[in-house]
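# Summary of the model geometry
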Amino acid sequence: MRLLIRGGRIIDPARGVDGRLDVLIEQGKIAQIGENIAAGETPVLDAAGLTVAPGLVDLHVHLREPGFEAKETVASGCAAAARGGVTTLVAMPNTRPATDCPELVALVREKAGPTGVNVLPAGAVTVGQRGERLTDFRALKAAGVPALTDDGVPIQNLALLRQAMREAAALDLPLLDHCEDRDMVRNYAVNEGAASVKLGLPGRPAVAEELQIMRDVMLAEDTGAHVHICHISTAKGVEIVRRAKARGVRVTCETCPQYFTLTEEEVLRQGAMARVNPPLRTQADVDGIRAGLADGAIDAIVTDHAPHTAEEKAKPLTDAPSGMVGLETSLALALTGLYHSGLLPLSRVLALMTASPAALLRLDKGTLAPGRDADLVLFDPDQEWTIDRTQFVSKGRNTPFHGRTVRGKVKYTISRGTIIYSPADANEPA
Ligand code: DOR
Ligand code: ZN
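Residues numbered from 1 in each chain as written. Chains lettered and ligands numbered in written order. Predicted model: local features only at pLDDT ≥ 70, side-chain atom pairs only at ≥ 80, totals over all residues. Heavy atoms only, no water.

### Some points on the packing of helix α4 (residues 158-171) against helix α7 (residues 206-223)
When two helices pack together, you describe them by how their axes are tilted relative to each other and by the distance separating the axes. Between α4 and α7, the shortest axis-to-axis distance is 10 Å and the interhelical angle comes to 45 degrees. By the angle class used here, α4 and α7 are oblique. As α4 runs across α7, the sense of the crossing is right-handed. Along its contact with α4, which presents Leu-158, Leu-161, Arg-162, Met-165, Arg-166 and Ala-169, the element α7 presents Arg-215, Asp-216, Leu-219, Ala-220, Asp-222 and Thr-223. When the residues that make up the contact of α4 with α7 are grouped by side-chain class, the tally is six nonpolar, one polar and five charged. (Axes fitted to C-alpha atoms, helices over the stretch in contact; angles between N-to-C directions. Helix = DSSP H or I, 4+ residues; strand = E, 2+ residues; numbered from the N terminus. Parallel < 35°, antiparallel > 145°, perpendicular 65-115°, else oblique. Left-handed = near helix turned anticlockwise from the far one by under 90°. Contact = heavy atoms within 4.5 Å. Nonpolar A, V, L, I, M, F, W, Y, C, P; charged D, E, K, R; others polar.)

### Remarks on the state of the cysteines
Summed over all chains, the structure comprises zero disulfides. Cys-179 forms no disulfide, and the closest cysteine sulfur to it belongs to Cys-230, at a distance of 7.5 Å. Taking relative accessible area as the criterion, Cys-179 reaches 2% and is therefore assigned buried. (Disulfide = S-S within 2.5 Å. Buried < 20%, exposed > 50% of the residue type's maximum accessible area, 1.4 Å probe, protein only.)

### Considerations on the site of ligand 1
Taken together, 14 residues form the shell around ligand 1, and within it Arg-64, Asn-94, His-178, Asn-277 and Ser-322 come nearest. Separating an oxygen atom of ligand 1 from a side-chain N or O atom of Asn-94 is a distance of 2.8 Å. Protein chains bury 93% of the 290 Å² of accessible surface belonging to ligand 1 in isolation. Looking at the shell around ligand 1, its residues break down into two nonpolar, nine polar and three charged. (Near = heavy atom within 4 Å. Polar contact = N/O pair within 3.5 Å; in protein donor to acceptor, adjacent residues only side chain to side chain. Areas by Shrake-Rupley, 256 points an atom, 1.4 Å probe, with all protein chains shown as cover.)

### Examining the pairing of strand β18 (residues 418-421)
Bridge count for strand β17 (residues 405-415) against β18 is three bridges, and the pairing is antiparallel. Along β18, the bridge assignment pairs Ile-414 with Ile-419. Between the antiparallel neighbours β17 and β18 lie two residues, among them Arg-416 with a positive phi of about 45 degrees. (Pairing = 2+ DSSP bridges.)

### Focus: the coordination of the zinc ion (ligand 2)
Within the protein, the atoms that donate to the zinc ion (ligand 2) are Asp-151 (OD), His-178 (ND1) and His-231 (NE2), at distances of 2.0 to 2.3 Å. Around the zinc ion (ligand 2) sit four donor atoms; with metal-centred angles ranging over 78 to 127 degrees, the donor geometry is irregular. In primary sequence terms, the donor set of the zinc ion (ligand 2) follows D-x26-H-x52-H. A residue pair is termed long-range when its members are at least 10 positions apart, and Asp-151 in the loop between β9 (148-149) and α4 and His-178 in the loop between β10 (175-177) and α5 (182-185) qualify at 27 residues. Of the two residues, Asp-151 and His-178, neither departs from the other in class, the shared state being buried. (Donors = N, O, S within 2.8 Å, 3.2 Å for Na, K, Ca; no water. Tetrahedral: all angles 85-135°; square planar, octahedral: opposite > 155°, others 65-115°.)

### A look at the sheet that holds strand β8 (residues 118-121)
Judged by pairing direction, the sheet is parallel, and its three strands sit side by side in the order β6-β7-β8 without closing on themselves. The outermost strands of the open sheet, each flanked by one partner alone, are β6 (56-61) and β8. For this sheet, the mean angle separating the axes of adjacent strands, direction not counted, is 20 degrees.

### Here's the deal with the pairing of strand β2 (residues 17-26)
Counting buried residues along β2, seven of its ten residues qualify, which places the element largely inside the surrounding structure. As paired strands, strand β1 (residues 2-12) and β2 are joined by nine bridges and run antiparallel to one another. By the bridge assignment for β2, Ile-5 is matched with Val-23. Once β1 ends, the chain turns through four residues before running back antiparallel as β2, passing Gly-16 with a positive phi of about 70 degrees.

### Description of the nonpolar core
Grouped burial of nonpolar side chains is what soluble globular proteins tend to show. Formed by 73 residues in total, the largest nonpolar core has its most connected members in Leu-89, Val-119, Ile-229, Ile-232 and Leu-293. Ranked by residues supplied to this core, first place goes to α4 with six residues. When residues no more than four places from it in sequence are discounted, the contact partners of Leu-89 are Asp-58, Val-61, Leu-63, Ala-81, Val-117, Asn-118, Val-119 and Leu-120. Among the nonpolar cores identified, the runner-up in size contains 34 residues, and Val-57, Met-324, Ala-332 and Phe-401 belong to it. (Core = buried A, V, L, I, M, F, W, Y, C linked by side-chain atoms within 4.5 Å.)

### Remarks on the pattern of salt bridges
Counted according to the given criterion, the structure contains 26 salt bridges. A salt bridge links Arg-15 to Asp-12; the nearest nitrogen and oxygen atoms lie 2.8 Å apart. Note on Arg-15: relative accessible area 39%, which makes it partly exposed. Take Asp-12: its relative accessible area is 0%, and that puts it in the buried class. Glu-312 is paired through a salt bridge with Lys-71; the nearest N and O atoms lie 2.9 Å apart. Placement of the pair is Glu-312 in helix α12 (residues 310-313) and Lys-71 in the loop between β6 and α1 (74-84), with a sequence separation of 241 residues. With relative accessibility at 9%, the residue Lys-71 sits in the buried group. One salt-bridge network, held together by shared partners, links Lys-29, Lys-365, Asp-373, Asp-375 and Arg-416. (Salt bridge = Lys/Arg side-chain N within 4 Å of Asp/Glu carboxyl O.)

Laid out in structure tokens, this is it:
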């Protein structure tokens, strides 16, 4: 199987490549990148006007299977990934049962096989994500997990967390942590601030997140573990990570489009549709996240794709589950909010969604280097379109971005040399 991608703007941030070049794919690998590669008998994909980049690497996705198939399945989540240009994703373990043993890791991988998307299930830190007993990290690593996390359930017990970091460090497995002090945030629905006051509700304070980030930084320093802070949402949280990095602590972090685009005001407009953990914060926090993306304090843009059913999200704000889908909108929101706004060059936005997340977990992905898997996304960086949740292929339609006009549209997604999304699959006119 060969394919020649002709005439696109090739951007490979990992190698500093940015130019009008052709890409030759052979046997699922990048064979050659250069000018005017002869096609011969090779099928040609015309990429004129498109940007050609490594397939996106999303470190934070909830696929919901097993146990919550009404929200999403591995198959539907991977279809959404393909539509969004994502070729590699890390699946969170808060399924039922939780992904806390090699058998469940194998189950998720097996379901992902036919989708063409490279799904890496993360292993749970504690058995059943109950925060009581550590899982068998060695066995999970042998089963192929790239990292450990109890995401969805903050880890409260510090002795247990410290032990987890020691064991993770010994096995060289990163620990991805959802930072929010459980006693402070309970099941509250919104940020503690203007929105919670207006709604007359108790809120989730920023300091509940920042305390756990600080705690994690100190334990990372103490144990030598690589700690990765999930979906960072506050300006002060970013500053804590920035300073820790400057001291040489092995800490990294990620954020999501909602945290550099929306504020807590959105909950007043959209109710449960804008409910997410950590919650949408203030404009000062949005500014802090954007500054962190610009200066490298933040390492990656992820989705925290968290599908829920329409029935669940139709509940009152205080009862509805937290989370929003993101796989089908992340590239457009990143391009719109960070590139078209003039904050970051295109290659830098792409680095945050490809090379940088791949490097974090030491994945052999996120670059178009010859010899690597031919995972690519081809997109029109300028095309304007309106996000329409009724067109999503994810089972989850819970987005606060419905109706928003954005710029940047995925046209083709290629995984190991196979086209897994193309205009023919689009649910709307190209
Ligand atoms: O809003 C969220 N939803 N945050 C999380 O940490 C978990 C996720 C979910 O699983 O729905
Ligand atoms: Zn989380």
